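For reference, the chains in residue letters:
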Amino acid sequence: MNPTTTTLLTLAILAWLAQIALGYWQISRFNRAYTTLARDSAFLGVGRSVGRFAPKILIILALDEEQRVRDSILMQGLTIFAAPKKLPQLHGIKYSDIDPAAVFPQQKRHQQALASALARKD
């Protein structure tokens, strides 16, 4: 192999290893946030947006025994740097009173993810 091929192959392997490490980092951050939500919740609603090339959106709602949103997670993005965020505008609202179009009036994919989370209350 010539030096150029060796350099390109080495860079490709380093990029692949970096992707694995950073992907693991993102999954572990999500798992910690999910575990925190699940610990004291009576129910969890999990939903995600659809679309092949658009940034994915994941919403998790933690409900208490009275079916009110106790806590939440929103993750969105295309890269491994997408971090879990809270949705404080939903906290304290009764499960049956949440309207995805009212919460996210201009964001269709957010509405899809929230509607999916409301439909998949486990």
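## Description of the overall build of the chain
Item 1. In terms of helices and strands, the chain carries three helices and three strands.
Item 2. In sequence order, the chain lays out its α and β elements as α-β-β-β-α-α.
Item 3. The C-alpha atoms of the chain give 19 Å as radius of gyration, which overshoots the globular expectation for 122 residues (14 Å, by more than 25%).
Item 4. Projected onto its principal axes, the C-alpha coordinates of the chain cover approximately 65 × 30 × 20 Å.
Item 5. Looking at the chain as a whole, 33% of its 122 residues are labelled buried.
Item 6. Taking the intrachain contacts of the chain between residues at least 6 apart in sequence as the baseline, contacts between residues at least 24 apart amount to 48%.
Item 7. As displayed, the chain has an accessible area near 7,800 Å², and 61% of this comes from carbon and sulfur atoms.

## A few points about a nonpolar patch on the surface
Item 1. Together, Met1, Leu8, Leu9, Leu11, Ile13, Leu14, Trp16, Leu17 and Ile20 make up a nonpolar patch on the protein surface, roughly 980 Å² of accessible area in all.
Item 2. Note that Ile13 resides in helix H1 (residues 3-39).

## Quick look at the layout of surface pockets
Item 1. Roughly 180 Å³ of volume is contained in the largest pocket.
Item 2. Taken together, Gln26, Arg48, Lys56, Ile57, Leu58, Met75, Gln76, Gly77 and Ala82 make up the full set of residues lining the largest pocket.
Item 3. Elements supplying a minimum of two residues to the lining of the largest pocket: strand E2 (56-63) and strand E3 (69-77).
Item 4. Here the residues of the lining of the largest pocket are counted per class, giving four nonpolar, three polar and two charged.

Reading guide: rules and limits
- Residues numbered from 1 in each chain as written.
- Predicted model: local features only at pLDDT ≥ 70, side-chain atom pairs only at ≥ 80, totals over all residues.
- Heavy atoms only, no water.
- Helix = DSSP H or I, 4+ residues; strand = E, 2+ residues; numbered from the N terminus.
- Rg over C-alpha atoms; globule rule 2.2 N^0.38 Å.
- Buried < 20%, exposed > 50% of the residue type's maximum accessible area, 1.4 Å probe, protein only.
- Contact = heavy atoms within 4.5 Å.
- Areas by Shrake-Rupley, 256 points an atom, 1.4 Å probe, with all protein chains shown as cover.
- Patch = residues over 30% accessible without salt bridge, like charges linked within 9 Å, V, L, I, M, F, W, Y side chains within 5 Å.
- Salt bridge = Lys/Arg side-chain N within 4 Å of Asp/Glu carboxyl O.
- 1 Å grid on protein atoms, 1.4 Å probe; cavity = no way out; pocket = protein on both sides within 12 Å on 5 of 7 lines; lining within 4 Å.
- Points joined across faces, edges and corners; volume = space filled by probe spheres on them.
- Nonpolar A, V, L, I, M, F, W, Y, C, P; charged D, E, K, R; others polar.

The values reported here are purely geometric and, on their own, carry no functional implication.
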